[in-house]
Amino acid sequence: MFNSKYFPQRVYIEKGSLNFPLTQRVLKNIGQVPTEVLEDTTSLLENMRISRDVIEQGKKVLLLTSQRGEFIKSCPCTPGYIGCNYYIINLDLNCPLDCSYCILQHYLSNPLITVNVNLEDLWSQLDVFLKRNKERILRIGTGELADSLALDHLTEHSINLISYFRDKSNAIFELKTKTVNINNVLKIKPARNIVIAWSLNSSKIAQEEEIGAPPVIERINAASKVSERGFLVGFHFDPLIRYPEWEKDYREVIKKMLETVDPTGIAWISLGSLRFPPSLKAIIKKRFPGTKIIYDELIKGKDGKLRYFKPLRIELYKKIIGYIRDFGGEQIPLYFCMENEEVWRDVMGWVPRGKENLEAYLSFPLDQSKIKLIY
Amino acid sequence: MKKENLSLKEIFLKDERYRISYYFSLEELVLSLKKVGLISPPLVTFRGERCILVSGWKRVLACLKISLSPLPVFVIEEENDLKTFLTAFYENLATRKFSLLEKAEILNKLKKFGEEEKRIVRFYMPLLNIPSTLSLLDSYLIFSQLEPEVKRVIHEKNMSFPSVELLAGFTPQERKLLLPLLLPLSQNKRKKTLEDLQEISKKNDVSAEKILKTKEILDILGTKRLSPLQKADNIRLLLKKKRYPTLSTWTDSFNSLLKRLQWPREIEINPSPFFEEEDFFVKFNFKDQEELQASLHKLQELASREELSEIFKFK
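What this report covers is the structure whose coordinates are included nearby. The shown structure was predicted, so the numbers you read here are calculated from the model rather than taken from an experiment.

1. Regarding the nonpolar core
The tendency in soluble globular proteins is for nonpolar side chains to be buried as a group.
1) Next: One finds A:Ile196, A:Val233 and A:Ile320 to be the most contacted residues of the largest nonpolar core, which totals 107 residues.
2) Next: Every residue in contact with A:Ile196, bar those within four places of it in the chain, is listed here: A:Leu175, A:Val185, A:Val226, A:Phe231 and A:Val233.
3) Next: Listed in part, the 52 residues of the second largest apolar core include B:Val60, B:Leu137, B:Leu197 and B:Ile211.

2. What to know about the pairing of strand E3 (residues 50-55) of chain B
All names here are of chain B.
1) Next: The buried count for E3 comes to five of six residues, which makes it a mostly enclosed element.
2) Next: In the sheet, strand E2 (residues 43-47) pairs with E3 via five bridges, with the strands oriented antiparallel. Looking at the pairing, Thr45 lines up with Ile52 of E3.
3) Next: Where E2 folds back on E3, the antiparallel hairpin that results is connected by two residues, among which Gly48 adopts a positive phi of roughly 65°.

3. A few points about the pairing of strand E1 (residues 2-6) of chain B
Residues and elements named next belong to chain B.
1) Next: For E1, the buried fraction is low: zero of the five residues fall into the buried class.
2) Next: Where E1 and strand E4 (residues 71-76) come together, five bridges link them in antiparallel fashion. Following the sheet pairing, Asn5 is matched in E4 by Pro72.

4. Focus on the sheet that holds strand E16 (residues 298-300) of chain A
Residues and elements named next belong to chain A.
1) Next: Read from one edge to the other, the open sheet built from three strands follows the order E15-E17-E16, with strand pairing classed as antiparallel. Both outer strands of the open sheet, strand E15 (275-276) and E16, are each paired with one neighbouring strand and no more.
2) Next: Pairing of E15 with strand E17 (residues 306-308), which is carried by two bridges, proceeds in the antiparallel orientation. Along E17, the bridge assignment pairs Phe276 with Leu306.

5. What about the environment of B:Ile106?
All names here are of chain B.
1) Next: With respect to the secondary-structure elements, Ile106 resides in helix H4 (residues 100-112).
2) Next: For Ile106, a count of 24 C-beta atoms within 10 Å gives the class buried.
3) Next: Excluding residues within four positions of it along the chain, Ile106 makes contact with Ile20, Phe89, Phe98 and Leu128.

6. Let's talk about the interface of chain A and chain B
1) Next: The interface of chain A with chain B comprises 17 residues on the first partner and 20 residues on the second.
2) Next: When contributions to the side of chain A that touches chain B are tallied by element, the ones reaching two or more residues are helix H2 (42-50), E16 and helix H13 (310-326) of chain A.
3) Next: Top element by residues in the side of chain A that touches chain B is H13(A). It accounts for three residues.
4) Next: Taken together, the residues that form the side of chain A that touches chain B break down as six nonpolar, two polar and nine charged.

Parameters and conventions
Along every chain, residues carry numbers that run from 1 in the direction the sequence is written. Ligands are numbered from 1 and chains lettered from A, in the order in which they are written. The predicted nature of this model means local features are confined to residues of pLDDT at least 70 and side-chain atom pairs, given and counted, to a pLDDT of 80 or more, with totals for whole chains, interfaces and linings taken over all residues. Put simply, a nonpolar core is buried Ala, Val, Leu, Ile, Met, Phe, Trp, Tyr and Cys residues tied into one set by C-beta atoms within 7 Å. Residue burial here comes from a neighbour count, namely the number of other C-beta atoms, placed from the backbone, that lie within 10 Å of the residue's own C-beta, with 20 or more meaning buried, 12 or fewer meaning exposed, and in between meaning partly exposed. For the purpose of contact definition, each residue receives a C-beta atom placed from its backbone, and two residues are in contact when these atoms lie within 7 Å. Secondary structure counts use DSSP, requiring at least four H or I residues in a row for a helix and at least two E residues in a row for a strand, with both numbered from the N terminus. Here, any two strands with at least 2 DSSP bridges between them count as paired. Here the nonpolar group is Ala, Val, Leu, Ile, Met, Phe, Trp, Tyr, Cys and Pro; Asp, Glu, Lys and Arg are the charged ones; every other residue, Gly included, is treated as polar.

Without other data, these values stay purely geometric and don't point to any function.
Listed below in C-alpha cells is the structure:
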C-alpha cells in the first residue's frame, strides 16, 4: 500500500498561534522536524518568493497560523457556467501533492503549506452559518484550496470535522482527497451526511501528472474501505484529460471503481474537464516541461479560462458517463463542475434551474424529496 | 574620477566588457555633435596599458563616425570590474530607461563580475523593474546569450518579454529559420506564431525545425507572388490550423456554409467566440429606412430557407 505521508522539512509557527490546541497536536504528531516561532511571516515569504520554484519550496514548509477572517466561503465558481452552491472551509491552504494542472499554483499568493489553527473560531462561525441557512441543505467541504486528508495524520481534522457535522441536519460535509490517508476516518463512526470523496483520473494521468499522489487503484481501494466502514463516498473525475487512448484508460478506471466500491454507497460523481486561467499555462510550462496536457485544443471560455473546445468536451463527457452507466452506476447522481447549459443539456439531457436546483439534486443523502429536475 | 582629453585612437573599442547597448541609431546624435559638440564626456578606465570604454558607447561611436577627436572623457580610477561597471550602470539608470536586452546585458555583467545571485535578484532587479525571482534572472541571462542577429530583431521590433522568452526556447538553427517569418508580423501575431509553433512541436514531439521545413511551409516560402508579409501571415494561419485542428475545421465548415447560402456580405454573421455558446450574432449597418428594410428583408428571406437549419449544428 502507498505510504508516503507528508512531513515538512521545517515548521514555522506564528507567535500568536503557538498556544492553540491544534498547534500542540500538530507538533506532537510531527515528531523530529525543526520548528521555529515567527513574529510574522513577511520575511519568510519574501525569501521564498525569490527561489527558482517558489511552489516547490513552499511545499517543504508547514506554517501554523490563524485565520483572521471568515473560514467559510462560497466556492468560487466561474461566471457564465453553472455552479453547485458549494461552500468551502479554508482550514488548510495548499497541498503537498504536486499536480501539474493544479490551480493552486496560480491561485494562492502564499506558497506555504498552511494550517489555520484557530478551530474554535471555525466552530462558532459554522454554528452561525448553519443556523442562518437552516432552510437549505448545504454542501460544505475542505477540499478546494487543500487536499482534505493530506495532512490528516498531523491535524486530525477528519475526526473533529466529522464529529462536528454528524448531527447537523442541514449540512452534507465532504472531505475530498487524492491520498489514502484514511486511518483517522476509519476510526470514527460514520454518519449519513458525511461524504469521503476521491479525485480520480486515468492511471496514466495519475502517474504522469499527479506527482506525489497514490496510484488510482490505491485510491479506489481506500474508498472501498471507507465505504465498507459505512460512509458515503464520492468521486470527482476532474480534470478529465484527453490524450491518445484516453477512452480505454478512463473506461478501465471506471470499471475498477464500480467493481470495487458498492455503487449504492456512492453519493455523487462529478465531472469536469481540464480548465485553467491562461496565466497558469506559463507556470505549468516552466514547472512541468515534459507535460503535454496543455497543448490540446484549449480555447478561451466565457469565463476567460482555457478549456477544451466544446465538441471535444461533449465527446469526453458522453464517453465517461456511458462507462459509468455501463458498469452499474445508473443510479449515481452525476454533475458537472463549471459547465454551461448547452453541455448539460447535450450530455445529461437536463439543465439545473440554477445553483439552488443543483444543490437540491445533490442533497439526496439527506432528503430525496428535494430532487427536482428539468427534463 | 578625473577629466581628460583623449584621442579616439587611444580608446580600445574591441574590449566591450562594460557595454550594455547595441543596435542604436546614430543619426540624431551625429547631428547634435555637429551642432554643439560633445557636451557629456564618456566614462573610461585603464586596464593595463589599454583605455577601455565604460559608458557612452553611442557617443563615442558617433564621434568615430564624424572623426571628432580628441574628445573629453572622465577616467575612472578603479581596478575592480564590478565597481567600475556599477558606475556606468548608475549613470545610465539615472538618465534613461533600459530596453529588455539592455536589462539582460546588465544582469549578465553583474553576474560575470562576481555579484551574488541573491543580491542581483533582491537589489538590482527591482531597480530594473523586474520582479525579484531567480527564475526571471535565469530568463534574462538566457536572453543575453542569444545570437546577435536575433538580438537585433528583438531590439528593432521591440519584442515583448513573452515573445523573447518563446524565441529563446528554440534552437539557434530554428531561430534562424524563424526570423524572416517574424519580422513582418505585428507584436501579437508574432507571439501567437511562436506559441503555436512551440506547442505543436511539444505536443507531437517533432522539432520546430522539422515543422518549418515541411513541404506546406516551404511551398509558401517559395511562392514568388507572395510578399514577405503574406508569406508570414499564411504560415501563421497554417500553424494555427495545425494547433487547433477541430476548431479550424468548424470555422472552415461554417464559412463554407455561408458561401453555400450566399450569405450577403453586408450582413455580418458570427457564432459566439469559439462556438462556446449557442447564440449567433448578426450585424449590419444602415443609414436610412430603406436600407434597414432591405437588410431585414434579406434576413427574412434567409431565415425562411431550409438550408439555414444547418447553421444551428454549429453550437
